[in-house]
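Residue-level structure breakdown
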Amino acid sequence: MPDIEQVLKVIQDALEEGDLLKAGTACTNTGQIFLERNLYPEAAHYYQEASEHYKSANEIKMQARALNHLGICFVMEQEPQSALDVLKGALVLLESSPDWSLTAAINGNLGLAYSALGDHQNAIKAHKSVMEAALDGGDDPLRLNALINLADSNLQNKNYRSALGFGLVAQDLAKELNSQPSLVIIYDLLGMISSRQGDLRAAVEYHQQSFQAAQGVGDLLRQGIALANQGLALEGLTEMEKALDVMSQAEELFSLLNSSYAEKTRRDLERVRNSMS
């Protein structure tokens, strides 16, 4: 990946030459650099610029791809309505220039935007379309991603039986693909689904599996999330000493990472301590 100074010079040179396709590609590369560094407003700026250059160059698929990345930036910046607007625009572009894999990617991000807006039914619809496309295209990693999103969307929509079904299928596929990062997420989802169904003992076990998988891939944030969720399940079982222990570990990790999860975990810890006094 070239550094930012190099690609910015390429953008300037391309514009001076009147090469809009080259300028759009350079803007896309710049946006990717910022996106990988989690600098979403800066990334959004360059993806927007790339979209405009591709539009002027009549490069429809490239414009749709830039808008898809712009939508990701808006989702990450918690601007879901803006994400919906640009992602729907990208789908309209592809009506005249079909691309199944790009359409599936856009629909996946649409699902995330709908979830952020609390519109879980449309989120489920979007993720189902991704799963169908993945099945048609024989794309197992894409199908796994869709299954995880379907489990999460159904959980949020309180369709616990459907959520569990999608989660268990996702678990089997993740094991088949040896996708350890996916298993971290899936085990945690299965734990939350089990909690909502009242099976707190199963929830504790799933969150422990998530924690161990997160350790295996070195994901400290997901370790903290798994421990915090396990602590809530243990609290529900009135195993307060154990709940206090794992919540304290979670709070240490969140503090180390300067995570926004730290404050909630501190409140949970205080509640558990008060119940023990």
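Values in this document were obtained by computation on a predicted structure and should not be read as measured data.

1. Considering the layout of surface pockets
Volume-wise, the largest pocket comes out at about 1,700 Å³. Lining the largest pocket are 38 residues, and of these D152, Q156, R222, I225 and Y261 sit closest to its centre. Sorting the residues of the lining of the largest pocket by element identifies α4 (60-76), α6 (100-116), α8 (140-156), α10 (180-196), α11 (200-217), α12 (220-236) and α14 (261-276) as the ones contributing at least two each. Among the elements that take part in the lining of the largest pocket, α12 stands out by supplying seven residues, more than any other. Here the residues of the lining of the largest pocket are counted per class, giving 17 nonpolar, 14 polar and seven charged.

2. Quick look at the packing of α8 against helix α9 (residues 160-177)
For the pair α8 and α9, interaxial distance at closest approach is 8 Å and the crossing angle is 155°. Between α8 and α9, the interaxial angle falls into the category roughly antiparallel. Where α8 crosses over α9, the handedness of that crossing is left-handed. In contact with D140, P141, R143, L144, L147, I148, L150, A151, N154 and L155 of α8, α9 contributes Y160, S162, A163, F166, G167, V169, A170, L173, A174 and L177.

3. Considering the side chain of Q223
Its location among the elements puts Q223 in helix α12. Not counting the four nearest positions on each side in its chain, Q223 is found in contact with F211, A214, Q215, G218 and L253.

4. Quick notes on the environment of E252
Within the fold, E252 resides in helix α13 (residues 240-256). We classify E252 as exposed; its relative accessible area is 56%. C-alpha separation for the pair E252 and T265, spaced 13 residues apart in sequence, amounts to 9.7 Å.

5. What to know about the environment of L87
Its place among the elements puts L87 in helix α5 (residues 80-94). For L87, a relative accessible area of 0% gives the class buried. C-alpha separation for the pair L87 and N68, spaced 19 residues apart in sequence, amounts to 5.8 Å. Filtering out sequence-adjacent residues up to four positions away, L87 remains in contact with L67, N68, G71, I106, N109 and L110.

6. Description of α10
A rise of 1.5 Å per residue sets the reference length of α10, with its 17 residues, at 24 Å; its end C-alpha atoms lie 25 Å apart and thus fit the reference within 8%. On its buried face, α10 sits against α8, α9, α11 and α12. Phi turns positive, to about 90°, at G198, one or two residues after α10.

7. A word on unusual backbone geometry
With a phi angle near 60°, N38 is a residue other than glycine that sits in the positive phi range. On the secondary structure map, N38 appears in the loop between α2 (20-36) and α3 (40-56). Of note in the backbone geometry, N178 takes a positive phi value of approximately 55° without being a glycine. Relative to the assigned elements, N178 resides in the loop between α9 and α10.

8. Comments concerning the side chain of D188
Tracing the chain through its elements places D188 in helix α10. Within the structure, D188 has its side chain in polar contact with the side chain of H207 (distance 2.8 Å). Among all residues touching D188, those that are not within four sequence positions of it are H207, S210, R222, I225, A226 and N229.

9. Remarks on a nonpolar patch on the surface
A surface patch of nonpolar side chains, amounting to about 440 Å² of accessible area, comprises L220, L221, L256, L257 and Y261. Of note, L221 is situated in helix α12. Assessed through its relative accessible area of 34%, L221 is described here as partly exposed.

10. Looking at the pattern of salt bridges
Side-chain pairing between opposite charges can occur once the charged atoms of the two side chains come close. All chains considered together, the criterion is met by eleven salt bridges. D99 is the salt-bridge partner of R65, the closest N and O atoms lying 3.9 Å from each other. With R65 in helix α4 and D99 in the loop between α5 and α6, this residue pair connects regions lying 34 residues apart in the sequence. With a relative accessible area of 35%, R65 lands in the partly exposed category. Where R143 meets D140, a salt bridge forms, and the shortest distance between an N and an O atom there is 3.3 Å. Residue R143 and its partner D140 are located together in helix α8, separated by three residues, close to a single helical turn. Taken together, the shared-partner salt bridges in this structure form one network comprising E235, K264, D268 and R271.

What counts and how
Residues numbered from 1 in each chain as written. Predicted model: local features only at pLDDT ≥ 70, side-chain atom pairs only at ≥ 80, totals over all residues. Heavy atoms only, no water. 1 Å grid on protein atoms, 1.4 Å probe; cavity = no way out; pocket = protein on both sides within 12 Å on 5 of 7 lines; lining within 4 Å. Points joined across faces, edges and corners; volume = space filled by probe spheres on them. Helix = DSSP H or I, 4+ residues; strand = E, 2+ residues; numbered from the N terminus. Nonpolar A, V, L, I, M, F, W, Y, C, P; charged D, E, K, R; others polar. Axes fitted to C-alpha atoms, helices over the stretch in contact; angles between N-to-C directions. Parallel < 35°, antiparallel > 145°, perpendicular 65-115°, else oblique. Left-handed = near helix turned anticlockwise from the far one by under 90°. Contact = heavy atoms within 4.5 Å. Buried < 20%, exposed > 50% of the residue type's maximum accessible area, 1.4 Å probe, protein only. Expected span 1.5 Å × (residues − 1). Polar contact = N/O pair within 3.5 Å; in protein donor to acceptor, adjacent residues only side chain to side chain. Patch = residues over 30% accessible without salt bridge, like charges linked within 9 Å, V, L, I, M, F, W, Y side chains within 5 Å. Areas by Shrake-Rupley, 256 points an atom, 1.4 Å probe, with all protein chains shown as cover. Salt bridge = Lys/Arg side-chain N within 4 Å of Asp/Glu carboxyl O.

In short, shape yes, function no, at least from these values alone.
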